[in-house]
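In case you want the letters, here they are:
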Amino acid sequence: GGGGGGGHRPPCPSVAPEPPPPLRLLVVQGELDHAAVLRRCALAAHHGGSGTAAAALAAGTPQVIFPCIFDQFFWAERLCWLGVGANAGSQSPRELKETLDAMLQPSVRLRAACLGKKIRTEALESSQQCFSCIKSEIEKHCKKNEPTTNSLGGVTHRDPISPTLTKDDLTRKGDAENNTNDCDTLCEKELPNGMSVWALINSDSELMHIYKEVFEDCVYFKHGFELKDGATVVDVGANVGLFLLACADRAAEAAGAAGPEGPLRLVAIEPAPAAFACLRRNLARHGFPHRHEALNLAIV
């Protein structure tokens, strides 16, 4: 086209990201602010935990995943699908080098940067929407299942599962809500602190992993987390309920040390049916005297 306006307009060139910084070795002991560090990295290599994966996504950093347990395999697959990560869990050294080179390509880094910018822009709005959704579901659940006062003065579900039921009782009764028999997949397990809980059969490693995080390492009670008088604690993805049971324990300790405290309101949200069945039993057994609600929902 000779300037008359009839020529074909070429596509706008993509803006290439800045070249990666020089490689450096950084050793950190203790807690690390992912948001501050990952945005300065050319690439993040990790096991694929949801927290690290989300932080790297928000930072706009490509990722190489070495999944080992639980949901790490899911996040590795998801990052591959998004085109900003690769699963290197079973690769040879040569294959790993090729994967690292591929993830450092400008096209991948540009895709990760664009996705990170979108996530950061939507983060506040999404958090508010998620909170509104959770609040709405809790309110609907409370209207549907008005709590009743039991003989001990505690507030619990209508048609609760008694904490004194034996496995034989549960076999006859089944699940009060979905009318299914869970005893082929559930069993009682004793935790290292002596607490007896319902859990999935063959889930010892997962249960002990969560127990260590919650009761021994106290990872969820850091960064200013405080249980105040009459507080509402919402656990999204509650699994079998260990975090809420730990909250009940801490509230009991506070009551013993500083006088009686108002009961907590424990709200558990768990989508997996089998884990939810364990969750309901554990709240019924260990949740007294706190109000507790269990919702079989997924937050997406």
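Per chain, residues are indexed from 1 in the order of the written sequence. Totals for whole chains, interfaces and linings use every residue, but because this is a predicted model, local features are given only for residues with pLDDT of at least 70 and side-chain atom pairs only at 80 or more, for both listing and counting. Processing note: side-chain calculations cover all non-hydrogen atoms of the structure and skip hydrogens and water entirely.

As annotated in an unreviewed UniProt entry, the protein chain is Erythromycin biosynthesis protein CIII-like C-terminal domain-containing protein from Heterosigma akashiwo.

### As for helix α7 (residues 204-216)
With a 1.4 Å probe rolled over the protein chains alone, any residue whose accessible area is under 20% of its type maximum counts as buried; one over 50% counts as exposed, and the rest are partly exposed. Under the DSSP-based scheme used, a helix requires at least four consecutive residues in state H or I and a strand at least two consecutive residues in state E, with every element numbered from the N terminus. Among all positions in α7, only L207, I210, Y211, V214 and F215 are buried. Mapping the buried residues of α7 onto a view down its axis gives an arc of 105°, with all of them on the same face. This arc is taken over the directions from the axis of the helix to the C-beta atoms.

### Things to note about the pairing of strand β10 (residues 291-295)
For a regular strand, the rule is simple: side chains alternate between the two faces of the sheet. Counted residue by residue, β10 has 4 buried out of 5 residues, so it is predominantly covered. By definition, two strands form a pair when at least two bridges between them are found by DSSP. Bridge analysis of strand β9 (residues 265-269) against β10 gives 5 bridges, and the strand direction is parallel. When the bridges of β10 are listed, L266 appears paired with H292. By definition, the crossover connecting two strands over a helix is right-handed if that path, from the first strand to the second, turns clockwise as seen with the strands pointing away from the viewer. After leaving β9, the chain enters helix α9 (residues 273-286) and then returns to the sheet as β10, a path that is right-handed.

### Observations concerning the sheet that holds strand β3 (residues 85-87)
Strand order in the open sheet made by the 3 strands is β1-β2-β3, with parallel pairing throughout. Each of the sheet's edge strands pairs with one partner strand only, and the pair in question is β1 (44-46) and β3. Sheet twist, expressed as the mean angle between neighbouring strand axes with direction ignored, is 15°. Sheet topology places β1 next to strand β2 (residues 63-65); 3 bridges connect them, and they run parallel. Bridging across to β2, H46 finds its partner in I65. Most of the contacts of helix α2 (residues 50-59) go to β2, to which it runs at about 160°, and overall it touches β1 and β2. Contact definition: two residues touch when any of their heavy atoms are within 4.5 Å. Lines fitted to the C-alpha atoms define the axes, with helices restricted to the stretch that makes contact. Angles between their N-to-C directions range from 0 to 180 degrees. Sitting on the sheet, helix α3 (residues 72-82) touches β2 and β3, and the angle it makes with β3 is about 130°.

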